[in-house]
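In case you want the letters, here they are:
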Amino acid sequence: MEKKTFKDAPGNIVFEHRKLSPDDNWGETTTAVTGTSELSISQEEVVGLGKEIQDRTQGFRRYLPLAVGSCVGLLVLATPLVFLLLPALMWPDRLQACGAACEGLFLSISFKLLILLVAVWALFLRPGRACLPRVCVYRAFLTTLTLLLTMSYWLFYGVRILDAQDEDYHGIVQFAVSLVDSQLFVHYLAVVLLELRQLQPCYSVCVIRSTDGETRHYNIGQLSIQRAALSILEYYYRDFPLHNPALLSASKHRAAKHLAGLKVYNGAVEFQALNNSSSRAMVTAAAKRKDTDYYMYVCVRLVVAVEEAFTHVRRMKKEDERATPSDIMDVREAALAIFPSMARALQKYLRTTRRQHCHSMESIQKHLAFCLVNNMSPKAFLEAYLAPGPTLQYGPERWMADQWTLVSEASVTSGIKEGTEFLLRCLDFNLAVTVKGIPYIRLTEEYIDPKSHKFLLLLQSETSV
Amino acid sequence: MSFVPGQPVTAVVQRIEIQKLRQGNNLILGFSIGGGIDQDPGQNPFSEDKTDKGIYVTRITPGGPADVAGLMMGDKIMQVNGWDMTMVTHDKARKRLTKKNEDVVRLLVTRKSLEEAVKHSMGTYHKQ
């Protein structure tokens, strides 16, 4: 049963989650309606919703955590102030005057509230960088804890102070200070749970791309599966070379064209069992050599063309100020002027390596202007095109940041453990992730006296007599 | 051929007499030696006991005086003209062999095959 896909603004990663259970009854896996979870919908509405959901959840889901955080934050900040103001408003005449110690507590409250304001903003109110399928358990727990704390203080205040109309203002101020202190401690707990716990690496994950087998290993800390998936995707956008479906289909086509029993993966050749071995092997070897030769030829032509193009343009120096104004150009014009001489060679090269769709004319010209401004050599300019870089290097249309699906057997809010496996599916490829624990290292020490480093000269002479 | 420190060394030896050959201003014997108490015994390829610091024959010039006299590669030199060679430095051994006023050197050498030959002959003797 396919779940709905959320399209979001480019640059934000949006997940959806599909649980692999034998009876994949979608209705059973709805989450409770809390402030920051996705709303539960009945099964019939899913199909219809799938089409329109893209526009509606554009702003809605992204800003829901922010709204909840703001409300709770306002409540938290306003409560101590209300505690202090209400007695002064409701029974001012019977209230004891506030002495020096009490006014010192005002100072303390104001600074603590300021710190709490900044801290709450720093931790909870920043715009999220991703949209995860399930609500973060720790955030929900902390929100609940804060609300519980505030409610119990309100209860106590209402019963013991408002009803009894307590006259000891000093005691009321101390009560308000204790509330702010408790909230600061809850915030400290939030820092530990949300930020510090995942910093210490204790798991090593292995990420394998399904199409070409690119493998990377990373160390991550204790996280839930969805947050681990988020970290891994951020590493993916940094480390993995761009996924190029044209390369795989091209190699398949070429193999089918030459002969059966031969597979080409990104230029490497793998022989399978050949029936008519000798003649087929010769044909294959000849074809491979022809391909390699052609590739070398295109490469060399490209390098020559680029180097020649770069010799036509030079940075203007002091003595050139007397040159004719029509010769002086800014960097964009310079790039446009030398681009045509290398455009053909570059395009031929990109077509040979099946990367012509990754680079548009404007992006090449922009990169050329960038290289000219920073005094880069022709080789530095070419490096961007010789090897596929990380996905982020290319335009947003290649990112597919909203197409990721997390496929997992365990619940995605459970923590990762040794042996956890899950799959991150994009449109036409998957990332298979396996988790292994970092071993418990036992380190012992051995002291070496610096004076104990003594040496003998070992000779083995041979003398002829 | 291993030795126990403090105990006398016993070995089956062969007497070899080499006539030095005059080559220009030098008298040569036609072989190379290795080993000595100042050398690393572990690098000796010919010794059985890798703590043996004796003098060994490492190379023989084919057709030279040593080859003619019957010296073989891997032989351990026990005595030269009566002087002991089991506990000498490498340089001392070289000096004892290349004395300018001597034309002839009489060596006592030992090798594994000698011991085995003796054992074999004693064995056949016992059988008889």
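Everything numeric in this text was worked out from a predicted model, so none of it was measured.

Thresholds applied
- Residues numbered from 1 in each chain as written.
- Chains lettered and ligands numbered in written order.
- Predicted model: local features only at pLDDT ≥ 70, side-chain atom pairs only at ≥ 80, totals over all residues.
- Heavy atoms only, no water.
- Patch = residues over 30% accessible without salt bridge, like charges linked within 9 Å, V, L, I, M, F, W, Y side chains within 5 Å.
- Areas by Shrake-Rupley, 256 points an atom, 1.4 Å probe, with all protein chains shown as cover.
- Salt bridge = Lys/Arg side-chain N within 4 Å of Asp/Glu carboxyl O.
- Helix = DSSP H or I, 4+ residues; strand = E, 2+ residues; numbered from the N terminus.
- Core = buried A, V, L, I, M, F, W, Y, C linked by side-chain atoms within 4.5 Å.
- Buried < 20%, exposed > 50% of the residue type's maximum accessible area, 1.4 Å probe, protein only.
- Contact = heavy atoms within 4.5 Å.
- Pairing = 2+ DSSP bridges.
- pLDDT = per-residue confidence, 0-100.

### Some thoughts on a nonpolar patch on the surface
Here is step 1 of the chain: Taken together, the side chains of Leu-107, Phe-111, Leu-114, Leu-117, Val-118 and Trp-121 of chain A define a hydrophobic patch exposed on the protein surface, amounting to about 630 Å² of accessible area.
Here is step 2 of the chain: Tracing the sequence through the fold places Leu-114 of chain A in helix H2 (residues 100-124).

### Some details on the nonpolar core
Residue and element names in this part refer to chain A.
Here is step 1 of the chain: Counting 32 residues, the largest nonpolar core has Phe-83, Tyr-169 and Val-173 as its most contacted members.
Here is step 2 of the chain: Put simply, the parts of the chain that give this core at least two residues each are helix H1 (43-90), H2, helix H3 (137-163) and helix H4 (169-196).
Here is step 3 of the chain: Among the elements that take part in this core, H4 stands out by supplying twelve residues, more than any other.

### Re the side chain of Thr-353 of chain A
All names here are of chain A.
Here is step 1 of the chain: With respect to the element layout, Thr-353 can be found in the loop between helix H8 (331-352) and helix H9 (361-373).
Here is step 2 of the chain: The exposure class of Thr-353 is buried, given its relative accessible area of 9%.
Here is step 3 of the chain: Beyond its immediate chain neighbours, meaning those up to four positions away, Thr-353 contacts Asn-244, Leu-247 and Tyr-295.

### A few points about the pairing of strand E3 (residues 203-209) of chain A
Residue and element names in this part refer to chain A.
Here is step 1 of the chain: Among the seven residues in E3, five count as buried, and that is most of the element.
Here is step 2 of the chain: Two elements, E3 and strand E4 (residues 215-220), share six bridges in a ladder whose sense is antiparallel. Counterpart to Ile-208 in the pairing with E4 is Thr-215.
Here is step 3 of the chain: Following E3, the chain reverses through five residues before pairing antiparallel with E4; Gly-213 in that reversal takes a positive phi of roughly 75 degrees.
Here is step 4 of the chain: Bridging between E3 and strand E9 (residues 430-437) involves seven bridges; their strand directions are antiparallel. Across the sheet, residue Tyr-203 finds its bridge partner in E9, namely Gly-437.

### As for the confidence of the model for chain A
All names here are of chain A.
Here is step 1 of the chain: For chain A, per-residue confidence averages 80 on the pLDDT scale, and 80% of positions sit at 70 or higher.
Here is step 2 of the chain: Scored below 50 in pLDDT, residues 30-39 makes 20 contacts in the model with residues more than four places away or belonging to other chains.
Here is step 3 of the chain: Within the model, the stretch residues 47-57 combines pLDDT values under 50 with seven contacts to residues more than four positions away or in other chains.

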